[in-house]
Each structure stands twice: as C-alpha cells, then as structure tokens.
Amino acid sequence: SNIESENTAGGQEYDAAQIDKLEGLEAVRKRPGMYIGDPDERGLHHCVFEVLDNSIDEHLAGYCDNISISLHVDGSISIDDDGRGIPVDMHPKFGVPAVELVLTNLHAGGKFGQGAYKYSGGLHGVGAKCVNALSDWFKAEVRRDGKLYSIMFERGKTTKELEVVGEIPAKPTGTKITFFPDATIFTDTIEFQTERLGKRMRELAFLNPGLTIQLIDERPETKSNQSFFYAKGIEEFVAQLGENKNLVHPDPVSIKGKRQVEIDYDGKVTEDDVFVDIVFQYNDSYNDNILCYANSIPNTDGGTHLSGFRGALTRAINQYAKTNKLLKDKDPALSGDDVREGIVCVISVKMPNPRFNSQTKAKLVNTEIEGVVGSVVYEGL
C-alpha cells in the first residue's frame with residue numbers, strides 16, 4: 001500500500017488523461033494574470049491601455065492624429081482612432097477576415113516583422129484579443145474604403161460575423177473598439193475611473209507630440225470632457241512634473257539623437273534607427289524622479305535605457321568636474337546618487353523590436369539600448 005500512495009495523490013491517477021491543453025483565448029480567461037496582471041482595478045484599466053496601444057502604434061506609424069476614449073452610460077468603453085482601420089479583407093492563409101483573426105487568435109497581428117509597424121509597443125500579439133476574451137461583449141467597427149464594417153464577440157467568441165453596416169465618407173478611416181468588461185473576471189470592480197485613464201492619456205499626449213487624445217465621460221454623475229495635446233512633447237511633461245518645486249535652472253535640458261543598431265529579425269539582420277528623446281531638470285529636493293518609456297509604453301522598473309542614461313550622466317558630470325578642476329585629483333568621484341539628486345527626467349526611446357521582461361512590459365531588456373542611450377546622452381551633455 002506504500003507504493004500505491006506514492007502513485008496517487010488523494011486517489012487521483014496522474015497520467016495522460018490529467019494533462020489538458022487550454023485552447024487559445026480560453027487560456028486568457030483561466031489565467032488572466034499572465035496577460036494583464038491581476039484582474040483588479042489596475043488590471044481593468046490595463047485592458048483599456050492594451051487597446052489604446054494599438055491606436056498609438058498607428059500614430060507611431062504615421063497614420064493617426066486623433067484618438068477619443070468614451071465612457072458610456074451602460075458601463076462600456078470605446079476607443080476610437082483615425083488610423084487606417086484594421087484590415088477587413090479575407091486572410092489568404094486562414095480564410096477569415098483579418099480583423100477577426102487579430103481579435104480572436106493569440107499571437108496574430110501586424111507586428112511580427114511583416115513591416116506594418118516598425119515602432120510599436122504591442123509586440124506580443126496578445127493585447128486586444130485578451131481584452132476581447134475578458135469582455136462580456138466586445139465590438140469592433142472599422143471605417144475603410146468608404147464603408148463601415150462591424151463585428152461582435154462575447155468572451156472572445158465571434159457572435160456576429162463581419163458585415164458592412166453602412167456607407168460612409170472615404171475619410172477619415174479608422175477603428176472603434178467598444179467593450180464591456182466581464183464581472184466574473186474583474187470581481188473587484190468593472191467601473192472605469194476617469195482620473196486613472198486621464199493620467200495615462202496625458203502621458204501619451206506628452207510622449208507623442210502632435211497627437212490629440214480626448215477623454216469623454218458620458219456618465220451623468222461624473223460627466224466631463226478633456227482634451228490632451230502637447231506640441232512640445234516631453235519638454236512640457238518635465239515642466240509639469242517640476243511645477244511646484246524650486247528649480248535649479250529655469251529651462252529643462254533636452255537631448256535628442258538617433259543611432260543605428262543591428263536588429264536580428266529571426267536570423268535576418270538589418271540596420272535600424274533607434275530614436276532617443278530625453279529631457280531633464282534639477283530641483284532642490286533630495287529625491288530623483290525618472291520616468292522611462294519604450295515606444296510610449298511606461299517601464300516602471302526601468303531597464304537598459306535607464307541604466308544607459310544613469311551611467312552617461314555620472315560619467316559626463318565627473319568628466320566635466322575633473323576637466324574644470326571642480327573636483328581635485330584626490331577627491332573621490334561623484335556617485336550616481338550624487339548626480340541624480342533632485343533630478344526630474346523623462347526618457348523616451350522609439351525602437352524596432354523592443355523586448356520586455358513580461359507582457360505587462362514593466363522593464364526594457366534590449367541589451368543594445370544601454371550603449372545607444374549612453375552615447376546619445378554623453379555626447380549631448
């Protein structure tokens with residue numbers, strides 16, 4: 001009986017019959033944490049950001065100038081952009097409309113090196129379809145070729161095939177996604193907070209100068225309409241972050257540059273541009289506030305762009321201090337903590353093929369970016 005107890009856990013056999021495979025979007029519903037983080041209030045809002053990232057990618061590709069987010073009275077939310085519109089033609093390989101493919105199949109999308117999106121944040125091909133899987137209902141409306149197309153889903157399953165629902169002017173094209181979160185997944189709350197959304201919209205408008213983002217709350221008790229647009233981009237961002245501080249110098253320091261790096265796309269090595277945009281300003285406080293972004297996605301745990309910046313800042317200031325005899329030869333060099341005291345800084349890189357430590361993209365891990373940012377910052381300083 002000893003042997004028997006080893007083979008069975010609580011009388012349960014463990015053989016092939018106990019191995020199960022989660023199909024597609026079912027996996028997302030069973031393990032939402034893997035795709036959006038915990039399904040709490042933060043996870044709920046992360047769903048909006050996953051869809052919004054697709055509109056931002058259209059802007060980065062040069063096709064979208066306006067995005068509007070609407071919170072509806074029934075508790076659903078819409079993200080509408082004037083990009084090219086998700087393709088609606090039949091997919092040659094899979095025999096379904098492209099829009100249905102990208103909204104129902106994990107790892108289907110236009111960001112895997114076919115050239116639709118070079119500078120994109122949504123690179124795992126799991127963003128919008130995860131939101132679809134975690135929604136009670138989900139609707140996509142596409143404006144293309146003078147027609148309005150519509151397709152409906154419930155919890156990731158197509159309930160109404162793609163159809164033409166109207167004739168419209170040829171311009172502007174675009175995509176409108178509306179969804180209602182599934183309360184059986186988001187058990188804490190399914191109520192969207194305007195404030196939480198507004199914070200991210202403002203951030204995105206700063207990071208993408210020339211883009212207008214509108215946030216409309218139609219709910220009677222919280223009715224509001226805000227518009228975010230910043231012609232000067234992150235310079236205005238840093239100015240706002242340092243608003244109530246005693247500034248050490250009146251104008252922020254702005255460093256921009258681009259470098260070519262070799263990017264390996266599945267064994268095909270090509271040279272591509274990486275753009276670095278950094279603005280910082282010192283105030284008389286003791287702490288530092290450095291915000292990092294890769295392709296407009298916030299990396300709360302920093303990553304290689306942050307370490308590149310930190311290294312170059314320390315090196316440049318020490319070099320300057322030595323050359324100008326501000327530090328004596330016997331003095332110890334200034335530490336990283338010394339040179340970052342009281343700094344407010346925004347680091348934004350736009351790059352092909354970003355790699356993150358997880359689907360929530362909290363940390364950028366591309367090794368080549370450290371040197372790129374380091375050289376742009378050192379040279380700029």
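As the structure is a computational prediction, the values presented were derived from the model and not from experiment.

Cut-offs applied
- Residues numbered from 1 in each chain as written.
- Predicted model: local features only at pLDDT ≥ 70, side-chain atom pairs only at ≥ 80, totals over all residues.
- Heavy atoms only, no water.
- Helix = DSSP H or I, 4+ residues; strand = E, 2+ residues; numbered from the N terminus.
- Buried < 20%, exposed > 50% of the residue type's maximum accessible area, 1.4 Å probe, protein only.
- Contact = heavy atoms within 4.5 Å.
- Areas by Shrake-Rupley, 256 points an atom, 1.4 Å probe, with all protein chains shown as cover.
- Phe/Tyr/Trp six-rings, centres within 6.5 Å; stacked < 30°, edge-to-face > 60°.
- Lys NZ or Arg CZ within 6 Å of the ring centre and 35° of its normal.
- Pairing = 2+ DSSP bridges.
- Salt bridge = Lys/Arg side-chain N within 4 Å of Asp/Glu carboxyl O.
- Expected span 1.5 Å × (residues − 1).
- Polar contact = N/O pair within 3.5 Å; in protein donor to acceptor, adjacent residues only side chain to side chain.
- Axes fitted to C-alpha atoms, helices over the stretch in contact; angles between N-to-C directions.
- Parallel < 35°, antiparallel > 145°, perpendicular 65-115°, else oblique.
- Nonpolar A, V, L, I, M, F, W, Y, C, P; charged D, E, K, R; others polar.

1. Concerning the overall build of the chain
Alright, step 1. Counting secondary structure elements, the chain contains eleven helices and 13 strands.
Alright, step 2. The principal-axis extent of the C-alpha atoms belonging to the chain is close to 75 × 70 × 50 Å.
Alright, step 3. Taken over 381 residues, the chain has a buried fraction of 47%.
Alright, step 4. Look at the contacts in the chain between residues 6 or more apart in sequence, and 67% of them connect residues 24 or more apart.
Alright, step 5. When the accessible surface of the chain is totalled, it reaches about 19,300 Å², and 50% of it is carbon and sulfur.

2. A word on the packing of aromatic side chains
Alright, step 1. Going through the model one piece at a time under the given rule, you end up with nine aromatic pairs.
Alright, step 2. With centroids separated by 5.9 Å and ring planes inclined at 80°, the aromatic side chains of Phe280 and Tyr282 adopt a geometry described as edge-to-face. This pair shows no difference in class: Phe280 is buried, exactly as Tyr282 is.
Alright, step 3. Taken together, Phe138, Phe153, Phe179 and Phe192 form an aromatic cluster joined through their ring pairs.
Alright, step 4. Directly above the aromatic system of Tyr378 lies the positively charged group of Arg315, at a separation of 4.6 Å from the ring centroid.

3. Considerations on the pairing of strand β11 (residues 289-294)
Alright, step 1. Two strands pair when backbone bridges link them, and β11 and strand β13 (residues 343-350) are joined in this way by six bridges, in the parallel orientation. Looking at β13, one finds that Ala294 is bridged to Val349.

4. Points about the pattern of salt bridges
Alright, step 1. Tallied over the full model, the rule gives 15 salt bridges.
Alright, step 2. Among the ionic pairs, Arg29 bridges to Asp182, the shortest N-O distance being 2.9 Å. With Arg29 in helix α2 (residues 24-30) and Asp182 in the loop between β6 (174-181) and α7 (194-207), this residue pair connects regions lying 153 residues apart in the sequence.
Alright, step 3. Look at Arg29 and you get partly exposed, because its relative accessible area is 23%.
Alright, step 4. Between Arg155 and Asp182 there is a salt bridge, and its shortest N-O distance comes to 3.2 Å. Here Arg155 is found in the loop between β4 (147-154) and β5 (157-167), whereas its partner Asp182 is found in the loop between β6 and α7, with 27 residues between them in sequence.
Alright, step 5. For Asp182, a relative accessible area of 1% puts it in the buried group.

5. So, the environment of Thr300
Alright, step 1. By the secondary structure assignment, Thr300 is in the loop between β12 (297-298) and α9 (304-323).
Alright, step 2. Relative accessible area serves as the criterion here: at 69%, Thr300 is assigned to the exposed category.
Alright, step 3. For the pair Thr300 and Asn318, spaced 18 residues apart in sequence, the C-alpha to C-alpha distance is 27 Å.

6. Quick look at helix α11 (residues 368-380)
Alright, step 1. The end-to-end C-alpha separation of α11 is 19 Å, in line with the 18 Å expected for 13 residues at 1.5 Å each.
Alright, step 2. Looking at α11, one finds that the buried residues are Ile369, Val372, Val373, Gly374, Val376 and Val377.

7. A closer look at the side chain of Asn295
Alright, step 1. Looking at where Asn295 falls in the secondary structure, it is placed in the loop between β11 and β12.
Alright, step 2. Residue classification places Asn295 among the buried residues on the basis of a relative accessible area of 1%.
Alright, step 3. One polar contact links the side chain of Asn295 to the main-chain amide nitrogen of Met351, over a distance of 2.8 Å.

8. A closer look at the packing of α7 against helix α8 (residues 234-241)
Alright, step 1. Interaxial distance between α7 and α8 falls to 7 Å at its minimum, and their mutual angle equals 135°. What the angle tells us is that α7 and α8 run oblique. Along the contact surface, α7 presents Arg202, Glu203, Phe206 and Leu207, while α8 presents Ile234, Glu236, Phe237 and Gln240.
Alright, step 2. Here the residues of the contact of α7 with α8 are counted per class, giving four nonpolar, one polar and three charged.

9. Remarks on unusual backbone geometry
Alright, step 1. Between Lys171 and the following residue, Pro172, the backbone shows a cis peptide bond with an omega angle of -10°.
Alright, step 2. For Pro172, the position within the fold is in the loop between β5 and β6.
Alright, step 3. Phi is positive for Arg155, close to 50°, though the residue is something other than glycine.
Alright, step 4. Residue class for Arg155 comes out partly exposed when judged on its relative accessible area of 32%.
Alright, step 5. The backbone of Asn295 shows a phi angle near 50°, a positive value even though the residue is not glycine.

10. Side note on the sheet that holds β5
Alright, step 1. With mixed pairing, eight strands are arranged side by side in an open sheet as β5-β4-β3-β6-β2-β1-β7-β8. The open sheet has two edge strands, β5 and β8 (224-228), and neither has a second partner. With strand direction ignored, the average angle separating the axes of adjacent strands in the sheet is 10°.
Alright, step 2. Bridging between strand β7 (residues 212-217) and β8 involves five bridges; their strand directions are antiparallel. Bridge assignment links Ile216 to a residue of β8, and that residue is Asn225.
Alright, step 3. Sitting on the sheet, α7 touches β1 (66-71), β2 (77-81), β7 and β8, and the angle it makes with β7 is about 170°.

So, to be careful, I would describe these as geometric facts and stop short of saying anything about function.
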